[in-house]
2 protein chains.
Amino acid sequence: MGGAIAKALREKVCVKQECLFACDKDSETLNAASQAGLIGKRFDADNAGEMLTLCDIVFLCLNPSSILRFLEKWKDSFKSGCLITDIAGTKESIASAAEKICEYRKKDNIDFIPGHPMAGAEKSGFNNSSLCNFNLKNYILTPIAHNKKENLDFLQELIYKMGFSRITEVTPKEHDRKIAFTSQLCHVIAAALIDCESDTEITRFGGGSFEDLTRIAMLNAPMWTELFLENSGALLNRIDQFEKSLDDLKALIKSDKAQELEKRLTLVRERRIAMSDGGGKL
Amino acid sequence: MGGAIAKALREKVCVKQECLFACDKDSETLNAASQAGLIGKRFDADNAGEMLTLCDIVFLCLNPSSILRFLEKWKDSFKSGCLITDIAGTKESIASAAEKICEYRKKDNIDFIPGHPMAGAEKSGFNNSSLCNFNLKNYILTPIAHNKKENLDFLQELIYKMGFSRITEVTPKEHDRKIAFTSQLCHVIAAALIDCESDTEITRFGGGSFEDLTRIAMLNAPMWTELFLENSGALLNRIDQFEKSLDDLKALIKSDKAQELEKRLTLVRERRIAMSDGGGKL
């Protein structure tokens, strides 16, 4: 995602190469970003502080727990007046860390607006960063009390310029509750589908549905383990709700209730179409 | 699907317009197919028999129960030497009906090879038939004892010419067991996902996973009701297996077992990749 954002900043926002710096623990990622002509300066993870003293805007493209560790380690290195944002898939812990650093560096006018670009790809790493297409994608912001209006306006404009088509502002709690459904539950379901079938030749019987439902099972296991556990309360609620609906459908199938089943599926169809039409782009 | 097959026969197999006939209960579908220059003759549902006396090959593009009714009604109308096939999503009942008509019209050399093109679209109707792209798609055949080798060879050649890339031959029972997983279970899951969330604005929080998992929830309710109930034994087994895996993952999340959860997700990732690589195209 870091690579995809760098590309969008260069190609869509026309940020000059010499103004874009990157820091990564993986030197091959930095090599690739340099060779692609994306970045002006590169920094090892140990030298993140050196980079931070130079940056007016910082995108933290890390897992939630790594963001918390990063902020703790480098909290004194951020440049005065710096605007920080992040891309983590859960927001409650990030929002409280954002409050903390804004308070700690208050006199330096540091601001941190937590965010979540809804444009991940199932394959991670810089070489797959072109798979992250931002066009027509959603971006969620979970502003905190400290955030300055001019920073929020600036970040929103930047996000639209990067290609995203819709920004939604919600509380961190609401974000985590919604994302537990649209993202984490979907990944748990995809994983369970693959978990219960060992035949790797099963794809001979695939017609699109199975492929669509399980593509995200090619997940980054450490990252998703963290996201599931970080947001386990909301996620477990969503799994329970889903299991309840699944059990209802199973009962209708088991008892051969054609009329009721068709009625329920018709409502599902109508609701899904309303989600496409009313809820906006899908 | 009938429209998509007609298009493939015209465009890929280069069947002449005057050699392609269509029968449908919906006159607008027939109008559209005529206007598209696809068909040479058109027949109302009541005149199916008149069409059948002219056809060397018949594709029955109907729900399973409608196929059984159609065969019963028109069993005497099929032309001598005719090759029949179908596209229904469950195959046990169709295969036994195929045996029956082959036996009944044995002296006339009628042959019926049950089939299932794995290339449906979530939207049905002639106007959406271009959504059915056959390239790189699977086709399942469930031949019966009666089928003649030359007819099977001919049908396979025709299927490849229409654009399908892989044909798998299995017993009707095996077809129904596999399809209960790759197709019906996936549709039940998509329906349950939509069933448990009433907020049509939820798509503001979508990043691709939710959209991919629920696109098929825009299902043809009467058709899928029939498919679910027709294959309920195999489908209920598959739902149980899926629920078992889902419960395992839920337990790992609930008990905060990061290491075990990550290990299980890693196995899922590897298996899904093996399904793409070893199992063939996805």
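What you are looking at is a predicted structure, and each value in this text was computed from that prediction instead of being measured. (Residues numbered from 1 in each chain as written. Chains lettered and ligands numbered in written order. Predicted model: local features only at pLDDT ≥ 70, side-chain atom pairs only at ≥ 80, totals over all residues. Heavy atoms only, no water.)

(A) Representation of the overall build of chain A in the model. Of the regular secondary structure elements, chain A holds 11 helices and eight strands. Each of the three principal axes of chain A carries a C-alpha extent, and together these read 65 × 40 × 30 Å. Burial status across chain A gives 55% buried among its 282 residues. Partitioning the intrachain contacts of chain A with sequence separation of at least 6 by distance along the chain shows that 69% fall at a separation of at least 24. A total accessible area of about 12200 Å² is found for chain A, and carbon and sulfur atoms account for 48% of it. Of note, chain A has its 38 positive side-chain charges centred 3 Å away from the centre of its 41 negative side-chain charges. (Helix = DSSP H or I, 4+ residues; strand = E, 2+ residues; numbered from the N terminus. Buried < 20%, exposed > 50% of the residue type's maximum accessible area, 1.4 Å probe, protein only. Contact = heavy atoms within 4.5 Å. Areas by Shrake-Rupley, 256 points an atom, 1.4 Å probe, with all protein chains shown as cover. Lys, Arg positive; Asp, Glu negative; His and termini not counted. Charge placed at Lys NZ, Arg CZ, Asp CG, Glu CD.)

(B) Structural context of helix 2 (residues 27-35) of chain B. Residues and elements named next belong to chain B. When helix 2 is considered as a whole, its buried residues turn out to be T29, L30, A32 and A33. Mapping the buried residues of helix 2 onto a view down its axis gives an arc of 160°, with all of them on the same face. Residues of helix 2 that are exposed and angled more than 90 degrees away from the buried face: E28 and Q35. Buried-residue contacts for helix 2 involve strand 1 (21-24) and strand 2 (41-44). (Arc of directions from axis to C-beta.)

(C) Broad picture of the packing of helix 4 (residues 64-74) of chain B against helix 5 (residues 92-104) of chain B. All names here are of chain B. Where helix 4 meets helix 5, the closest approach of the two axes is 10 Å, and the angle between their N-to-C directions is 10°. Compared by their axis directions, helix 4 and helix 5 come out roughly parallel. Only S93, I94, A97, K100 and I101 of helix 5 make contact with helix 4, whose side of the interface consists of P64, I67, L68, L71 and E72. Its residues assigned to classes, the contact of helix 4 with helix 5 shows seven nonpolar, one polar and two charged. (Axes fitted to C-alpha atoms, helices over the stretch in contact; angles between N-to-C directions. Parallel < 35°, antiparallel > 145°, perpendicular 65-115°, else oblique. Nonpolar A, V, L, I, M, F, W, Y, C, P; charged D, E, K, R; others polar.)

(D) Up close: the relation of the copies chain A and chain B. Rotating chain A by 180° about the axis while translating it 0.0 Å along that axis superimposes it on chain B, leaving an RMSD of 0.0 Å. The relationship between the two copies is best expressed as a two-fold rotation axis. Considering only C-alpha atoms, the part of chain A nearest the rotation axis is L213 of chain A, at 2.4 Å. Comparing interface residues between copies, 99% of those in chain A also sit at the interface in chain B, which points to an isologous, same-surface contact. (Least-squares fit on C-alpha atoms with pLDDT ≥ 70 in both.)

(E) Summary view of the sheet that holds strand 3 (residues 57-60) of chain A. Residue and element names in this part refer to chain A. Spatially, the three strands line up as an open sheet ordered 3-4-5, and their pairing is parallel. Edge positions in the open sheet fall to strand 3 and strand 5 (111-113), since each of these has one partner strand only. Averaged over all pairs of adjacent strands, the angle between their axes in this sheet comes to 20°, without regard to strand direction. Relative to strand 5, strand 4 (residues 83-86) runs parallel, the two sharing three bridges. Opposite L83, over in strand 5, you have D111 as the bridge partner. (Pairing = 2+ DSSP bridges.)

(F) Just the interface of chain A and chain B, in detail. The interface of chain A with chain B comprises 88 residues on the first partner and 87 residues on the second. Carbon and sulfur atoms make up 68% of the surface buried where chain A meets chain B, a total of about 8700 Å² over both sides. For the pair chain A and chain B, the number of links is 10 salt bridges. Across the salt bridge formed by D199 of chain B and K178 of chain A, the nearest N and O atoms sit 2.6 Å from each other. Along the contact surface separating chain A from chain B lie 44 residue pairs in polar contact (both at pLDDT 80 or more). Only strand 7 (138-141), strand 8 (166-169), helix 7 (172-195), helix 8 (209-214), helix 9 (221-230), helix 10 (232-254) and helix 11 (258-277) of chain A provide two or more residues apiece to the side of chain A that touches chain B. Residue contributions to the side of chain A that touches chain B peak at 17 residues, all from helix 10 of chain A. (Buried area = accessible area lost by both parts, 1.4 Å probe. Salt bridge = Lys/Arg side-chain N within 4 Å of Asp/Glu carboxyl O. Polar contact = N/O pair within 3.5 Å; in protein donor to acceptor, adjacent residues only side chain to side chain.)

(G) Local environment of the confidence of the model for chain A. All names here are of chain A. Averaged over every residue, the pLDDT of chain A is 93; residues scoring 70 or more account for 94%. Below pLDDT 50 for its whole length, residues 278-282 participates in 19 contacts with residues either more than four positions away or in separate chains. Scored as a complex, the prediction yields pTM 0.86 and ipTM 0.88. (pLDDT = per-residue confidence, 0-100.)

(H) Local environment of the sheet that holds strand 4 (residues 83-86) of chain B. All names here are of chain B. Within the open sheet, the three strands sit side by side as 3-4-5. Their pairing is parallel. If you trace the sheet from one side to the other, it starts and ends with strand 3 (57-60) and strand 5 (111-113), each paired once. Pairwise comparison of adjacent strand axes, ignoring direction, gives a mean angle of 20° for this sheet.

(I) Broad picture of the side chain of S209 of chain A. For S209 of chain A, the position within the fold is in helix 8. Take S209 of chain A: its relative accessible area is 11%, and that puts it in the buried class. Beyond its immediate stretch of four places on either side in the chain, S209 of chain A contacts T182, C186, H187 and I216 of chain B.

(J) Highlighting the pattern of salt bridges. This model, assessed by the stated rule, comprises 38 salt bridges over all chains. A salt bridge links D195 of chain A to R264 of chain B; the shortest N-O distance between them is 2.8 Å. Here D195 of chain A is found in helix 7, whereas its partner R264 of chain B is found in helix 11 (residues 258-277) on a different chain. Given a relative accessible area of 23%, R264 of chain B falls into the partly exposed group. The network of salt bridges with common partners includes E174, R177 and K178 of chain A together with D199 of chain B.

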